[in-house]
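# Examining the three-dimensional arrangement
One-letter residues, chain by chain:
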Amino acid sequence: MAIDRNGDVIYESTASMPSYHYRAYSDDYSDSRSSRIRNLMFPEFDDVSVQRVQEEFRSSIVLSLADHAIGLRNAVIDLIAYRDEVECSVLSIPSLIEMLGSQDEHVFARAINDVYLLSKKDKKIIANLSSNDRLVGSLISAASRSNDIDIQRKAISALKNFSDNPSGRMLIFRTGGIPQLVAMLSSKSPDVVRYATNTLYNLLVHIEETRDEVTHHGGLPAFTRLLNNSNKRVQAMVADSLYWLMIDVPENKLHFLALQGPTILIKILNELPDWPQLVAAVVRCIKTISTCNQSKGSLIQNGAMEALRIHLETTSETKRKNNILQAIRNLSGAATNVDNLDRLVADLVSMVERHHEDDIISCACGILSNLTCNNVRNKQTVCSNSGIAILCDALQRFAHIEDITEPALCTLRHCTARHILAQQAQTDIRQCPYAFHVLLELLATGRLPIMKACLGLIRNCALSYANLEGINSVRTPSNNSVVEIALSVLLASGRLLLENFDAEDEGIKHLDMVESAVAALHVLAADQNNANFIVRENQSMSVLVCLLSQDEVNNSDDELLMREIMGLIYQLTKTQDNAKILEEHGATQYIAPALHSQHKSIATYSSGILKNLEKNKPLEYQRQLDTEINSAIDLGGEDRFWQHDGIETELFSEMYACNYGNITDIGVDNQAWYDTDL
């Protein structure tokens with residue numbers, strides 16, 4: 001028995017309680033616990049009792065543990081319901097097909113609505129529906145036969161959901177859905193247009209065969225019109241769809257140009273949309289049409305270079321930045337005459353300095369190479385922004401990556417010739433640590449594109465006597481000098497050229513390689529030790545003289561190779577011993593007729609060589625030769641300066657920093673090998 005504070009008896013001890021009373025008490029407790037668990041798990045069976053139990057045992061352990069049991073119970077119920085729903089969707093397909101073909105508008109509309117609702121369900125249900133070719137075909141037919149906007153919206157929405165599934169995409173294509181989808185791009189309903197665009201986009205991305213069919217049914221002009229859509233997401237999908245329609249299809253690019261598509265794309269970029277996916281899609285589209293020569297002009301005229309530069313500045317994602325750079329690189333070859341690209345050039349120089357990604361630096365160097373070709377302003381911008389030192393550093397950092405070294409060498413080659421800061425650029429290269437060592441190592445790779453660009457840069461740098469001394473002092477790891485390498489190029493490419501004047505390897509013509517080697521030797525021979533070494537290389541001299549005998553060289557409208565060969569021979573014949581060696585090779589018989597060349601530079605070089613050769617000849621022979629030279633060449637006016645070392649105006653001014661022959665305006669068609677496009 002228990003007694004409370006007031007002395008009242010609360011209960012009596014169970015020891016004195018009869019056994020049947022204890023069993024009854026225990027049964028009541030067990031019943032109460034069972035009911036609590038049952039009511040907690042299945043409250044829908046006894047709302048009153050569960051309310052009582054919850055109020056009475058709100059803090060009980062059973063209630064605390066019931067959450068997990070309820071969750072398990074709900075999961076089992078959902079699983080059973082899901083299975084039933086999937087089975088129902090499969091079983092309902094035949095009836096849905098029948099209803100979609102009904103002539104009763106109400107039945108037809110209900111079928112469309114049912115398919116629409118089912119297409120918004122779980123992926124497994126969508127997979128079941130979209131894998132039935134009869135259902136997909138019936139849905140396409142139903143969508144095209146109705147003029148009701150709501151029915152069209154639901155039908156095309158279902159097709160869009162089906163197109164998210166591989167089997168659905170294929171069935172839409174195979175059951176002839178593309179003509180109807182293209183037609184819906186012109187719908188007055190924004191929802192129908194959006195769903196049709198999304199569906200076609202899915203098909204174009206994943207099924208290559210759909211691209212020709214979309215084009216055939218007028219998809220290109222339909223998508224081009226939608227570029228002006230106010231919905232940014234739709235614009236992005238449209239631009240990407242156009243990308244897939246035009247990639248590797250030149251005629252589609254021309255059609256897009258005729259529809260003023262490039263102008264619309266640049267307009268979108270200039271609006272600075274705050275939808276990154278739209279910008280990325282437009283850039284991808286510009287990138288693919290920028291390979292079309294006709295489209296390049298339209299894009300550049302509409303300000304594509306500056307528009308892309310702005311987005312390049314604000315884009316942080318590497319992949320998108322790379323796409324922008326590739327688009328600019330494609331356009332840069334046609335933008336050499338554009339004179340307002342200072343900020344772009346400066347940004348590219350800074351990018352080469354700051355970035356470490358190979359692809360980005362490769363694109364940046366390629367663009368700089370194109371923009372500095374025959375463009376004095378861009379050359380000066382590179383030089384004014386420490387570009388020479390930055391590019392030399394890039395050569396050292398990425399010496400093993402040809403896609404970086406070749407355009408970097410070409411940019412340096414352009415910037416070291418024919419502008420007011422060229423001599424400073426030549427000096428900047430000499431002041432860069434190990435710059436000449438890096439150039440010799442690149443020459444030693446034997447890769448023709450690298451060797452061509454490198455020989456051109458060395459030729460320009462060697463115009464400075466200080467640089468010439470530095471270049472002569474370095475050797476390759478195999479202990480070869482730059483003169484030896486240039487002679488080996490002349491010998492190898494010259495022999496191939498004599499066999500076939502159109503011979504090429506690695507995308508480089510051997511004619512270009514010979515021009516590069518001879519032009520470099522022409523300047524390097526200003527050092528007498530180099531000249532003595534060159535003239536005693538019998539095989540190379542034989543090839544040189546054989547080239548002089550070729551009509552493709554001595555009677556060509558393009559004076560470049562002949563001019564450089566004559567310039568080299570002039571340098572070599574400055575001493576009587578060397579002149580005698582050249583005569584022994586039989587060079588005179590090809591040099592004398594060059595006096596009457598249509599090209600003044602060649603005629604002038606010929607006169608200089610003949611004067612060098614006459615020094616050990618009888619006086620009568622010298623007088624006759626002088627008379628012939630004076631009658632063949634008019635040395636009045638500006639041409640009198642060509643007598644300086646036998647070098648034409650342009651090269652003389654570069655070597656001696658004189659103002660004779662100031663070159664300020666050189667057109668894109670100039671064929672000087674050391675300032676050519678990639």
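Think of each chain on its own: its residues are numbered from 1, step by step along the sequence as written. In keeping with the model being predicted, local features are shown solely for residues with a pLDDT of at least 70 and side-chain atom pairs are shown and tallied solely at 80 or more, while totals for entire chains, interfaces and linings include all residues. Side-chain numbers here rest on the full set of heavy atoms in the structure, without hydrogens or water.

## Comments concerning the overall build of the protein
Inclusion rule: By definition, any uninterrupted DSSP run of H or I lasting at least four residues is a helix, any uninterrupted run of E lasting at least two residues is a strand, and each is numbered from the N terminus. Whether a residue is buried, partly exposed or exposed follows from its accessible area with a 1.4 Å probe, protein chains only, as a fraction of its type maximum: under 20%, in between, or over 50%, in that order. Residue contacts follow a heavy-atom distance rule, with two residues in contact if any of their heavy atoms lie within 4.5 Å.
When helices and strands are counted, the protein shows 39 helices and four strands. Here the protein, with 678 residues, has 50% of them falling under the buried criterion. Within the protein, contacts between residues separated by at least 24 positions form 71% of all contacts whose residues are at least 6 apart in sequence.

## Comments concerning the packing of aromatic side chains
Given two aromatic rings, one states the distance between the centres and the angle between the planes to describe the pair. What counts, and what does not: Centres within 6.5 Å are what make two rings of Phe, Tyr or Trp a pair, Trp counting through its six-membered ring; a difference in plane orientation under 30 degrees is then read as stacked, over 60 as edge-to-face, and the rest as tilted. Lysine NZ or arginine CZ positioned within 6 Å of the ring centre and within 35 degrees of the ring normal marks a charge as sitting over the ring.
Counted according to the given criterion, the structure contains one aromatic pair. Plain terms: the ring middles of Tyr243 and Trp244 are 5.1 Å apart, the flat faces sit at 75° to each other, and that makes the pair edge-to-face. The exposure class of Tyr243 is buried, given its relative accessible area of 10%. Over the aromatic face of Tyr195 sits the side chain of Arg194, whose NZ or CZ is 4.8 Å from the ring centroid. The ring of Tyr243 carries the charged tip of Arg284 above its face, separated from the ring centre by 4.1 Å.

## Some details on unusual backbone geometry
For residues that are not glycine, phi is negative in most cases, and the peptide bond is trans in most cases. The residue Tyr434 is not glycine, and still its phi comes out positive at about 65°. Along the polypeptide, Tyr434 turns up in the loop between helix H25 (422-431) and helix H26 (435-443). Positioned with a positive phi, Asn479 is a non-glycine residue whose angle comes to about 70°. Locating Asn479 in the fold gives a position in the loop between helix H28 (465-472) and helix H29 (482-499).

## Remarks on the side chain of Thr197
Selection rule: N or O atoms closer than or at 3.5 Å make up a polar contact, with two conditions inside protein: a donor-capable atom paired with an acceptor-capable one, and, for residues adjacent in sequence, both atoms drawn from side chains.
Along the polypeptide, Thr197 turns up in helix H10 (residues 190-206). Assessed through its relative accessible area of 0%, Thr197 is described here as buried. A polar side-chain atom of Thr197 sits 2.7 Å from the main-chain carbonyl oxygen of Val193.

## Observations regarding the confidence of the model for the protein
Stated formally: The predictor's confidence in any single residue is recorded as pLDDT, a number from 0 to 100.
Across the protein, pLDDT averages 82, with 77% of residues at or above 70. Mean pLDDT values over the elements of the protein span from 41, in helix H39 (residues 649-656), up to 97, in helix H12 (residues 219-226). Within the model, the stretch residues 1-5 combines pLDDT values under 50 with 11 contacts to residues more than four positions away or in other chains. Here residues 8-22 scores under 50 on pLDDT; set against residues more than four positions off or in separate chains, the count is 12 contacts.

## Side note on the environment of Ile609
Among the secondary structure elements, Ile609 is positioned in helix H37 (residues 600-613). Expressed as a C-alpha distance, the spacing of Ile609 and Lys574, which sit 35 residues apart in the sequence, is 8.2 Å. Discounting residues that sit within four places of it in the chain, Ile609 has contacts with Met566, Ile569, Tyr570, Thr573 and Ile591.

## Overview of the pattern of salt bridges
Test applied: Counted as salt bridges are all cases of a side-chain nitrogen of Lys or Arg within 4 Å of a carboxyl oxygen of Asp or Glu.
Under the counting rule described, the total for this entry stands at 16 salt bridges. In this structure, Arg194 and Asp191 form a salt bridge, with 2.8 Å as the shortest nitrogen-oxygen distance. One end of the pair, Arg194, and the other, Asp191, are both in helix H10, three residues apart, so they sit about a helical turn from each other. A relative accessible area of 24% places Arg194 in the partly exposed class. Beyond isolated ion pairs, a larger network of salt bridges with shared partners links Glu306, Arg309, Glu313 and Asp347.

## Things to note about a negative patch on the surface
To keep things clear, this is the line we draw: Each patch is built from residues that are more than 30% exposed by relative accessible area and take part in no salt bridge. Like charges join if they lie within 9 Å; nonpolar side chains (Val, Leu, Ile, Met, Phe, Trp, Tyr) join within 5 Å. Using a 1.4 Å probe, the Shrake-Rupley method yields the accessible areas, and only the shown protein chains count as cover for residues. We score Asp and Glu as negative and Lys and Arg as positive, and we do not count His or the chain ends. Note on charges: their place is set at NZ of Lys, CZ of Arg, CG of Asp or CD of Glu.
Negative charge collects at one region of the surface, where Asp502, Glu504, Asp505, Asp551 and Glu552 lie side by side. When contributions to the negative patch are tallied by element, the ones reaching two or more residues are strand S3 (504-505) and helix H33 (551-554). Tracing the sequence through the fold places Asp502 in the loop between H29 and S3.

## Some remarks on H28
Which entries qualify depends on this criterion: In this description, the arc belongs to the directions extending from the helix axis to the C-beta atoms.
Those residues of H28 that sit buried are Asn467, Leu468, Gly470 and Ile471. Across the axial projection of H28, the buried residues extend over an arc of 165°, all falling on one side. For H28, the secondary structure elements touched by its buried residues are H25, H26, helix H27 (448-461), H29, helix H30 (510-524) and helix H31 (528-535).

## What to know about the environment of Asp339
Turning to its location among the elements, Asp339 is positioned in the loop between helix H19 (318-332) and helix H20 (342-354). Put simply, Asp339 and Val376 are 37 residues apart on the chain and 9.2 Å apart in space, counted from C-alpha to C-alpha. Leave out the neighbours within four places in its chain, and Asp339 touches Asn375 and Arg377.

## Section: the packing of helix H24 (residues 402-415) against H27
What counts, and what does not: For helices, the axis comes from a line fit to the C-alpha atoms of the stretch in contact; other axes are also lines fit to C-alpha atoms, and the angle between any two N-to-C directions lies between 0 and 180 degrees. Our angle categories are set so that under 35 degrees counts as roughly parallel, over 145 as roughly antiparallel, 65 to 115 as roughly perpendicular, and the remainder as oblique. For any pair of crossing helices, the crossing counts as left-handed if the nearer helix is rotated counterclockwise from the farther one by less than a right angle, and right-handed if it is rotated clockwise.
In the contact formed by H24 and H27, the axes pass within 9 Å of each other and the chain directions differ by 25°. As judged from the angle between their axes, H24 and H27 are roughly parallel. The two elements H24 and H27 meet at a crossing, and its hand is left-handed. Of the residues in H27, those touching H24 at Glu402, Thr405, Glu406, Leu409, Cys410, Leu412 and Arg413 are Pro449, Ile450, Lys452, Ala453, Cys454, Gly456, Leu457 and Asn460.

## Quick notes on the packing of H27 against H29
Each pair of packed helices can be described by the angle between their axes along with the distance between the axes. Counted only if it meets this: Classification used: nonpolar for Ala, Val, Leu, Ile, Met, Phe, Trp, Tyr, Cys and Pro, charged for Asp, Glu, Lys and Arg, polar for all others including Gly.
Relative to each other, H27 and H29 sit at 130°, their axes nearing to 12 Å. Regarding the angle of H27 to H29, the classification is oblique. Here the hand of the crossing between H27 and H29 comes out left-handed. Between H27, through Met451, Leu455 and Ile458, and H29, the contact on the second element is made entirely by Val482, Ile485, Ala486 and Val489. Each residue belonging to the contact of H27 with H29 can be placed in one class, and the counts come to seven nonpolar, no polar and no charged.

## A short note on helix H6 (residues 133-145)
Selection criterion: Expected helix span is given by 1.5 Å per residue-to-residue step, counting one fewer step than there are residues.
Over its 13 residues, H6 runs 18 Å from end to end, which matches the ideal 18 Å to within 8%, given 1.5 Å per residue. Burial in H6 covers these residues: Leu135, Val136, Gly137, Ser138, Leu139, Ile140, Ala142 and Ala143.

## Section: the environment of Ser146
Within the secondary structure, Ser146 is located in the loop between H6 and helix H7 (149-163). Along the backbone, Ser146 and Glu105 are 41 residues apart, and their C-alpha atoms lie at a distance of 9.4 Å. Those residues in contact with Ser146 that sit more than four places away from it in its chain are Phe108, Ile151 and Gln152.

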